[in-house]
Amino acid sequence: MSVYTPLEGDSIRDLVDVRDRYALLRDAEREARHSYGGSMKFESRGETEYLIRRPYASSTRKSYGRRTPETEETLRAFLAGQARVQDQISGLRRQLSDRAPILRARGLGRVPLLAARVLRKLDEIGWLGTNLFVVGTNALFAYEAAAALRIESAMLATGDVDVLYDARRRLRMSGDVDERGLIGVLRQVDRSFSRAPNKTYTAANRDGYMIDLLEPQDHGRLMRSGPGRLSDNPEDLIATSTDSSRWLLNVPKFEAIAIDERGLPVRIVALDPRAFSLQKLWIARNDPMRDPAKRRRDEDQAHLVARIAVRDLGLSYDDGALSALPLSFRALAAELNPSGEPNNAEW
């Protein structure tokens, strides 16, 4: 029984084309935010006009001086650049939308729509890949996209998104994000999100789709700063600590462009697939409270991702980049047997 299928030539070509265009779109959007975000115009101060720049989502402003031929040229250049980059963004978005039906028809639309919307919002505000990383089943969408293959649907079924919080890094915030935190960001995606009453690390919408905020166990950090949370909002999520994720912030991260159910691209930043597989197998072996059905799925996913990592992505479990993982994790690579046939699964 095969649990994944390699993509064919036409599908690979379309996937690569969309990735390239999405990379250009993200670059253009970054330029729009950083170089041309907000407004620039002449404002009167008494009888004198000054050229004022007001960046987007910021209370700060910058004065370029009194109205002169030079500042008038500065304003013209800003407005021209703003129009240019917005035209580029509109064109690239239109191209991606035009290609979306083709990707859906080829079966490449994989990431659940709500998960994709949440990840795009986290990416937009700069948290994805800096403070927050995808862990759990949704990471498989990144691995299959990077390896140009399609994983069997049963392996991908999930009703939540698990994100790992790196509280060591300074969280970049602006505007209402600073006041509302993660729960406020989620409500920008779906207004029905609220923190679960009995799980302060979980947000759920009216359909029961959940976002879990996790952080590694770090006694020293917890003693210094308290439980991990992204804002002072009393409704915000409070991260729960998990023993199996204790070392995961120090392993390499893995980035890929996947395709959502509408056929549109979404960036996913997850754990290195080798670290993912080792963690999953460690959980299956060492968490006695884990539901037996989930333990079996953990082990199946561990073997699956190990195979993808070695056979399809060309990675090695002997890599020194994994040295941050404890020996008890790394020793499990022998059980995964990623360079040959898995020990306990039929491929």
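For clarity, every value in this text was computed on a predicted model and none was experimentally measured.

## Observations concerning the overall build of the protein chain
Okay, step 1: Secondary structure summary: the protein chain contains eleven helices and 13 strands in total.
Okay, step 2: A buried classification covers 48% of the 347 residues belonging to the protein chain.
Okay, step 3: Contacts spanning at least 24 positions in sequence make up 69% of the contacts within the protein chain whose residues lie at least 6 apart.
Okay, step 4: Of the accessible surface of the protein chain, which amounts to about 17100 Å², a share of 47% is contributed by carbon and sulfur atoms.

## Quick look at the pairing of strand β9 (residues 199-204)
Okay, step 1: In the sheet, strand β8 (residues 194-196) pairs with β9 via three bridges, with the strands oriented antiparallel. In the sheet register, Arg195 faces β9, and the bridge partner there is Ala203.
Okay, step 2: Taking the residues between adjacent antiparallel strands as the criterion, β8 and β9 are bridged by two residues.
Okay, step 3: Bridge analysis of β9 against strand β10 (residues 210-216) gives three bridges, and the strand direction is antiparallel. Across the sheet, Ala203 pairs through a bridge with Ile211, a residue of β10.

## Re the sheet that holds strand β3 (residues 48-54)
Neighbouring strands of a sheet are bound in pairs by backbone hydrogen bonds; such pairs are parallel or else antiparallel.
Okay, step 1: Spatially, three strands are ordered β2-β3-β4 in an open sheet, and the strand pairing comes out antiparallel. For this open sheet the edge positions go to β2 (39-45) and β4 (62-66), each flanked by a neighbour on one side alone. Taken pair by pair, the neighbouring strands of this sheet meet at an average axis angle of 30 degrees, ignoring direction.

## Considering the side chain of Ser231
Okay, step 1: Inspection of the secondary structure assignment puts Ser231 in the loop between α7 (219-225) and β11 (240-242).
Okay, step 2: A polar atom in the side chain of Ser231 sits 3.1 Å from the backbone nitrogen of Asn233.
Okay, step 3: Engagement of the side chain of Ser231 in a polar contact is seen with the side chain of Asp236, the distance being 2.8 Å.

## Thoughts on the pairing of strand β7 (residues 160-165)
Okay, step 1: In terms of burial, β7 is a largely internal element, six of the six residues being buried.
Okay, step 2: As defined by bridge partners, strand β5 (residues 132-135) adjoins β7 across four bridges and the pair is classed as antiparallel. Within β7, the residue paired with Val134 across the bridge is Val163.
Okay, step 3: Strand direction decides the pairing type here: β7 and β10, joined by five bridges, are parallel. Counterpart to Leu164 in the pairing with β10 is Leu214.

## A word on the packing of aromatic side chains
Okay, step 1: The tally for this structure, following the rule as stated, stands at four aromatic pairs.
Okay, step 2: Here the aromatic rings of Tyr36 and Phe78 are separated by 5.7 Å at their centres, their planes lie at 50 degrees, and the arrangement is tilted. Linking Tyr36 in the loop between α1 (9-35) and β2 with Phe78 in helix α2 (residues 69-105), this pair joins segments that are 42 residues apart in sequence. Phe78 matches Tyr36 in its accessibility class, with the two residues each being buried.

## With respect to the pattern of salt bridges
Okay, step 1: Applying the stated criterion across every chain, the model contains 27 salt bridges.
Okay, step 2: Two residues, Asp10 and Arg13, come together in a salt bridge whose shortest N-O distance is 2.9 Å. Of this pair, Asp10 and Arg13 both sit in helix α1, three residues apart, roughly one helical turn.
Okay, step 3: We classify Asp10 as partly exposed; its relative accessible area is 39%.
Okay, step 4: Classification of Arg13 by relative accessible area gives partly exposed; the value is 48%.
Okay, step 5: A salt bridge links Glu299 to Arg285; the shortest N-O distance between them is 2.8 Å. Of this pair, Glu299 sits in helix α9 (residues 292-312) while Arg285 sits in helix α8 (residues 273-286), and the two are 14 residues apart along the sequence.
Okay, step 6: Classification of Glu299 as buried rests on a relative accessible area of 15%.

## Comments concerning the packing of α1 against α2
Packed helix pairs are specified by the crossing angle of their axes together with the interaxial distance, meaning the distance between the axes.
Okay, step 1: Put simply, α1 and α2 touch, their axes get as near as 9 Å, and they point 155 degrees apart. When the axes of α1 and α2 are compared, the pair comes out roughly antiparallel. Helix-helix and strand crossings are classified by hand; for α1 and α2 the assignment is left-handed.

## Observations regarding the confidence of the model for the protein chain
Okay, step 1: Residues with a pLDDT of 70 or more make up 88% of the protein chain, whose mean pLDDT is 88.
Okay, step 2: Scored below 50 in pLDDT, residues 342-347 shows 18 contacts in the model against residues more than four places distant or in partner chains.

What counts, and at which threshold
Residues numbered from 1 in each chain as written. Predicted model: local features only at pLDDT ≥ 70, side-chain atom pairs only at ≥ 80, totals over all residues. Heavy atoms only, no water. Helix = DSSP H or I, 4+ residues; strand = E, 2+ residues; numbered from the N terminus. Buried < 20%, exposed > 50% of the residue type's maximum accessible area, 1.4 Å probe, protein only. Contact = heavy atoms within 4.5 Å. Areas by Shrake-Rupley, 256 points an atom, 1.4 Å probe, with all protein chains shown as cover. Pairing = 2+ DSSP bridges. Axes fitted to C-alpha atoms, helices over the stretch in contact; angles between N-to-C directions. Polar contact = N/O pair within 3.5 Å; in protein donor to acceptor, adjacent residues only side chain to side chain. Phe/Tyr/Trp six-rings, centres within 6.5 Å; stacked < 30°, edge-to-face > 60°. Salt bridge = Lys/Arg side-chain N within 4 Å of Asp/Glu carboxyl O. Parallel < 35°, antiparallel > 145°, perpendicular 65-115°, else oblique. Left-handed = near helix turned anticlockwise from the far one by under 90°. pLDDT = per-residue confidence, 0-100.

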